[in-house]
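A structural walkthrough
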Amino acid sequence: GNAAGYAARTFVEHGQANGKLCIVTKEPYAPYERPALTKAYLFPLDKKPARLPGFHTCVGAGGERQTPDWYKEQGIEMLYEDPVTGIDIEKQTLTTNSGKLLKYGTLIIATGCTASRFPEKIGGNLPGVHYIRDVADADSLISSLGKAKKLVVVGGGYIGMEVAAAAVAWKLDTTIIFPEEHLLSRLFTPSLAQKYEQLYQDSGVKFVKGAKIKHLESGPDSRVTAVKLEDGSSIETDTVVIGIGAKPAVSPFDMVGLNNTVGGIEVDGQFRTNIPGIFAIGDVAAFPLKIYNRIARVEHVDHARKSAQHCIKSLLTAHTHTHDYLPYFYSRVFEYEGSSRKVWWQFFGDNVGEAVEVGNFD
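So, how was this worked out
- Residues numbered from 1 in each chain as written.
- Predicted model: local features only at pLDDT ≥ 70, side-chain atom pairs only at ≥ 80, totals over all residues.
- Heavy atoms only, no water.
- Helix = DSSP H or I, 4+ residues; strand = E, 2+ residues; numbered from the N terminus.
- Rg over C-alpha atoms; globule rule 2.2 N^0.38 Å.
- Buried < 20%, exposed > 50% of the residue type's maximum accessible area, 1.4 Å probe, protein only.
- Contact = heavy atoms within 4.5 Å.
- Areas by Shrake-Rupley, 256 points an atom, 1.4 Å probe, with all protein chains shown as cover.
- Lys, Arg positive; Asp, Glu negative; His and termini not counted.
- Charge placed at Lys NZ, Arg CZ, Asp CG, Glu CD.
- Salt bridge = Lys/Arg side-chain N within 4 Å of Asp/Glu carboxyl O.
- 1 Å grid on protein atoms, 1.4 Å probe; cavity = no way out; pocket = protein on both sides within 12 Å on 5 of 7 lines; lining within 4 Å.
- Points joined across faces, edges and corners; volume = space filled by probe spheres on them.
- Nonpolar A, V, L, I, M, F, W, Y, C, P; charged D, E, K, R; others polar.
- UniProt positions renumbered as here; feature names shortened; annotations may be inferred.
- Expected span 1.5 Å × (residues − 1).
- Arc of directions from axis to C-beta.

- By the naming in an unreviewed UniProt entry, the protein chain goes by Monodehydroascorbate reductase and is assigned to Solanum melongena.

Rendered as structure tokens:
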């Protein structure tokens with residue numbers, strides 16, 4: 001993932017990469033900027049969608065594009081499609097899926113998250129039901145969007161909203177379903193959410209709020225045909241995208257020390273776990289969020305970058321500052337060619353206290 005890519009760059013900047021660094025990944029690709037998947041990757045094929053190698057790390061933060069060749073040139077070993085399945089802390093070894101045994105001096109866990117899924121018994125694995133976390137997921141979704149007529153997006157968070165905005169470019173009949181009273185409830189005030197919803201409604205997107213899903217229905221070919229709600233109503237569909245959050249990918253590193261409140265692997269302000277020589281960065285790290293004086297996990301690309309850089313500097317230099325992070329979230333929607341209105345937003349901090357609106361939303 002992205003945190004590994006930024007870690008690699010920081011190792012290179014300190015002259016410590018050549019022959020000293022190995023990245024082990026379950027994906028067939030070198031690290032890339034994951035936000036592209038729900039933004040420009042999903043544009044229709046005539047709207048210049050993003051594709052690799054265009055969004056490899058570190059293009060998102062302004063830096064050299066780290067293609068597979070870049071890692072070779074820097075002397076960084078890459079093990080693709082071979083995730084770690086076991087760890088022996090005493091012997092400082094890792095076992096991979098293919099049976100390789102890797103010896104480490106320092107271990108950095110940057111496994112990120114996996115998409116939260118609907119249980120199979122309510123239709124979570126039916127053909128036509130999609131989750132989005134990696135390039136393979138995005139490719140699978142695009143093949144469905146090309147044939148789709150009716151799309152249901154489950155979840156009113158920013159992944160769901162970005163997918164719905166892309167669906168508008170495909171001219172699909174799109175409905176967003178979520179249990180909260182307004183979308184992006186963790187970030188938006190009700191007033192902001194109402195204005196944002198209006199933007200989508202002006203593009204033909206429908207909202208079903210305060211709704212809970214009972215199950216997904218399928219037809220004779222077992223493809224999804226409808227979303228059944230707990231109030232007894234149902235919404236016809238041929239494609240469903242589920243964006244209900246993510247879970248930290250801690251396996252097989254549970255014994256390193258988990259945080260039971262926020263999930264993830266517990267670390268200090270320099271991303272050190274309780275075990276000497278083992279660090280955790282990015283979405284999977286439960287770290288002290290200094291500004292709010294609490295332990296937090298931040299699932300965001302900005303934190304993936306900054307935690308990687310902070311951790312590697314602490315590891316390679318006399319740098320001992322505690323990571324002092326200001327939470328940051330952003331989104332970019334309706335950015336395809338011919339869109340009537342492209343919208344970006346950026347948030348800093350937490351949605352706490354009283355909100356004061358200044359300026360004109362138009």
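Further notes follow.
1. Here's the deal with the overall build of the protein chain
- In terms of regular secondary structure, the protein chain is built from six helices and 22 strands.
- In terms of C-alpha radius of gyration, the protein chain reaches 21 Å, essentially the compact-globule figure of 21 Å for 362 residues.
- Considering the protein chain as a whole, with its 362 residues, one finds that 51% of them fall into the buried category.
- In the protein chain, 60% of the contacts between residues at least 6 apart in sequence involve partners at least 24 apart.
- For the protein chain, the accessible area works out to roughly 17200 Å², and carbon and sulfur atoms hold 50% of it.
- Positive and negative charge centroids in the protein chain, built from 39 and 41 side chains respectively, lie 2 Å apart.

2. Concerning the pattern of salt bridges
- Following the criterion strictly, the structure yields 16 salt bridges and no others.
- As a salt-bridge pair, Asp-350 and Arg-294 come within 2.4 Å of each other at their nearest N and O atoms. Of the two residues, Asp-350 sits in the segment after strand S22 (343-348) while Arg-294 sits in strand S20 (residues 294-296), which places them 56 residues apart along the sequence.
- Taking the relative accessible area as the measure of exposure, Asp-350 reaches 27% and is therefore partly exposed.
- In this structure Arg-294 comes out as partly exposed when scored by relative accessible area, which is 35%.

3. Observations regarding unusual backbone geometry
- Here the residue pair Thr-57 and Cys-58 is connected by a cis peptide bond, since its omega of 5 degrees sits within 30 degrees of zero.
- You can see Cys-58 is positioned in the loop between strand S1 (22-24) and helix H2 (68-73).
- Along the chain, Ser-251 connects to Pro-252 via a cis peptide bond; the corresponding omega equals 5 degrees.
- On the secondary structure map, Pro-252 appears in the loop between strand S16 (246-248) and strand S17 (265-266).
- The residue Gln-92 is not glycine, and still its phi comes out positive at about 55 degrees.
- Along the chain, Gln-92 turns up in the loop between strand S3 (84-88) and strand S4 (93-96).
- Taking relative accessible area as the criterion, Gln-92 reaches 28% and is therefore assigned partly exposed.
- Phi at Ser-222 takes a positive value of approximately 65 degrees, unusual for a residue other than glycine.
- Within the secondary structure, Ser-222 is located in the loop between strand S12 (213-218) and strand S13 (224-229).

4. Some points on empty space enclosed by the protein
- Within this structure, the stated rule accounts for two cavities of 30 Å³ or more.
- Volume-wise, the largest cavity comes out at about 70 Å³.
- Gly-1, Ile-23, Thr-25, Glu-27, Tyr-29, Ala-30, Pro-31, Tyr-32, Arg-34 and Met-78 together form the lining of the largest cavity.
- A class-by-class count of the residues in the lining of the largest cavity yields six nonpolar, two polar and two charged.
- Around the second largest cavity, the lining residues are Thr-38, Lys-39, Ala-40, Phe-43, Glu-162, Ala-165, Ala-166, Arg-332, Val-333, Phe-334, Glu-335 and Tyr-336.
- Those elements that place two or more of their residues in the lining of the second largest cavity are helix H4 (158-169) and strand S21 (328-333).
- Take the lining of the second largest cavity: its biggest share by element is three residues, from H4.
- Within the lining of the second largest cavity, the residues separate by chemical class into seven nonpolar, one polar and four charged.

5. Considering the UniProt feature "domain: FAD/NAD(P)-binding" (unreviewed entry) in the protein chain
- In the numbering used here, UniProt assigns the "domain: FAD/NAD(P)-binding" (unreviewed entry) feature to residues 1-307.
- Spanning residues 1-307, this segment combines 20% helix with 25% strand, and its end C-alpha atoms are found 13 Å apart.

6. A few points about helix H5 (residues 190-202)
- In this model H5 runs 18 Å from its N-terminal to its C-terminal C-alpha over 13 residues, within 8% of the 18 Å that 1.5 Å per residue would give.
- Residues Ala-193, Tyr-196, Glu-197, Leu-199 and Tyr-200 constitute the buried set of H5. Each buried residue of H5 lies within a common arc of 150 degrees when the element is viewed along its axis, so the set occupies one face.
- Residues of H5 that are buried sit in contact with H4, strand S10 (173-178), strand S11 (206-209), S21 and S22.
- Phi turns positive one or two residues past the end of H5, at Gly-204, with a value near 95 degrees.

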